[in-house]
Amino acid sequence: MSDDGLFGVHGAALAVRSQRMGMLASNIANASTPGYKAKDIDFRAALAGIEAQGGAGDAGIDAATLYRVPLQPSQDGNTVELATEQTAFAENAVAYQTTLAFLNGRISTITRALRGE
Amino acid sequence: MGDQPLSIFQVSGRAMSAQLVRMNTTASNLANAGTVASSAQAAYRTIKPVFRTAFDEASGMATVDVEQVVTAGAEPTKRYDPGNPLADAEGNVWESAVDETRELVDMLAASRTYQNNVEVMQTAKSLIVDTLKLGR
């Protein structure tokens, strides 16, 4: 997957980043729901899973989805810690934009080559 | 919404509505703190929303809904006050037992969570717009 195709690994990376953004948004949305267990995607494992399957997305991401271990469990069974979630969300958003920048660079390279500039 | 897969905007949007319900119940509770009534049944009781996770199998995301709004907290307190126009035949009134400190803390928590969801929505929106501009 990483060696062939126009966009290399970045297409799969964007898919995982987008899924992870949804998952972290779900955690933040359920910050005050009793009994909710926060989940997160292990980015490296998800990407490796997708590559091992040759590009088909969901199963690799599902396998890399894990429950978060809280630093300090709260009494109502909720394992969302806002500081952790916000940090992860910000990091994920920046990484998403980085992947977009890589994709944009690739697209402009190809366009320039096609135009023969 | 029904059987459509959840979008990230629905995840944050429904969480915001849920927090707004929580904020409204807190406002009602604070507004009715210390009100009196002529019977235990008529006295105001603290109301609280019950949150429930709404998990969406198709997208793997989860949002939150208000399942119901229940009365909770301490029973109204009986006070002997024969001069009160609301007093019953024995001169008693019932005062609502709203824990104001708890309500204020709840209000702060609700507004923080609401802001967090707004932030998530803003970030998600700008990332989606950036993705739409891909290759331009």
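What you are looking at is a predicted structure, and each value in this text was computed from that prediction instead of being measured.

**Student:** Quick rundown of the overall build of chain B? Include the residues and the values.
**Tutor:** Scanning chain B from terminus to terminus reveals 2 helices and 5 strands. Sequence-ordered secondary structure for chain B, helices as α and strands as β, is α-β-β-β-β-β-α. A compact globule built from 136 residues should have a C-alpha radius of gyration of about 14 Å, whereas chain B, at 22 Å, is more than 25% larger. Expressed along its principal axes, the backbone C-alpha trace of chain B runs to roughly 80 × 25 × 20 Å. Here the contacts in chain B between residues at least 6 apart in sequence split such that 63% fall between residues at least 24 apart.

**Student:** Describe the pairing of strand E2 (residues 47–55) of chain B, listing the residues and the values that go with them.
**Tutor:** All names here are of chain B. By the bridge criterion, 9 bridges tie E2 to strand E3 (residues 62–71) in an arrangement that is antiparallel. Note that in E3 the partner of Arg52 across the bridge is Asp65. Count of turn residues in the E2/E3 antiparallel hairpin: 6 residues, of which Gly60 carries a positive phi of about 75 degrees.

**Student:** Now, about the nonpolar core: what can you tell me, with residues and values included?
**Tutor:** If you look at the biggest cluster of nonpolar residues, it comprises 35 residues, and the most contacted ones within it are Val16(A), Leu24(A), Ala25(A), Ile28(A), Ala46(A) and Val11(B). For this core, the secondary structure elements donating two or more residues are helix H1 (10–29), helix H2 (43–52) and helix H4 (82–115) of chain A together with helix H1 (8–31), E2, E3 and helix H2 (100–132) of chain B. Of all the elements, H1(A) adds the most residues to this core, at 9 residues. Apart from the residues within four sequence positions on either side, Ala46(A) is in contact with Val16(A), Ile41(A), Gly60(A), Ile61(A) and Ala64(A). Val36(B), Ala43(B), Val93(B) and Trp94(B) belong to the second largest nonpolar core, which has 5 residues in total.

**Student:** Can you break down the environment of Ala15(B) residue by residue, with the values?
**Tutor:** Here Ala15(B) lies in helix H1. Sequence separation between Ala15(B) and Glu103(B) is 88 residues; the distance between their C-alpha atoms is 20 Å. Beyond its immediate stretch of four places on either side in the chain, Ala15(B) contacts Ala29(A), Thr63(B), Val64(B) and Asn117(B).

**Student:** Before we move on, could you go through the confidence of the model for chain B and cite the residues and values that matter?
**Tutor:** Confidence in the prediction for chain B averages 91 pLDDT; 98% of positions are at 70 or higher. Both scores are available for the predicted complex, with the pTM at 0.88 and the ipTM at 0.86.

**Student:** With reference to specific residues and values, describe H2(B).
**Tutor:** Given 3.6 residues per turn, any residue in an α-helix points the same way as the ones three and four places further on. Along its 33 residues, H2(B) runs 48 Å from first to last C-alpha, staying within 8% of the 48 Å computed at 1.5 Å per residue. Turning to H2(B), its buried residues are Glu103(B), Ala110(B), Thr113(B), Asn116(B), Asn117(B), Val120(B) and Ala124(B). Contact partners of the buried residues in H2(B): H1 and H4 of chain A together with H1 of chain B.

Basis of the calculations
- Residues numbered from 1 in each chain as written.
- Chains lettered and ligands numbered in written order.
- Predicted model: local features only at pLDDT ≥ 70, side-chain atom pairs only at ≥ 80, totals over all residues.
- Helix = DSSP H or I, 4+ residues; strand = E, 2+ residues; numbered from the N terminus.
- Rg over C-alpha atoms; globule rule 2.2 N^0.38 Å.
- Contact = placed C-beta atoms within 7 Å.
- Pairing = 2+ DSSP bridges.
- Core = buried A, V, L, I, M, F, W, Y, C linked by C-beta atoms within 7 Å.
- Buried ≥ 20, exposed ≤ 12 C-beta atoms within 10 Å, placed from the backbone.
- pLDDT = per-residue confidence, 0-100.
- Expected span 1.5 Å × (residues − 1).

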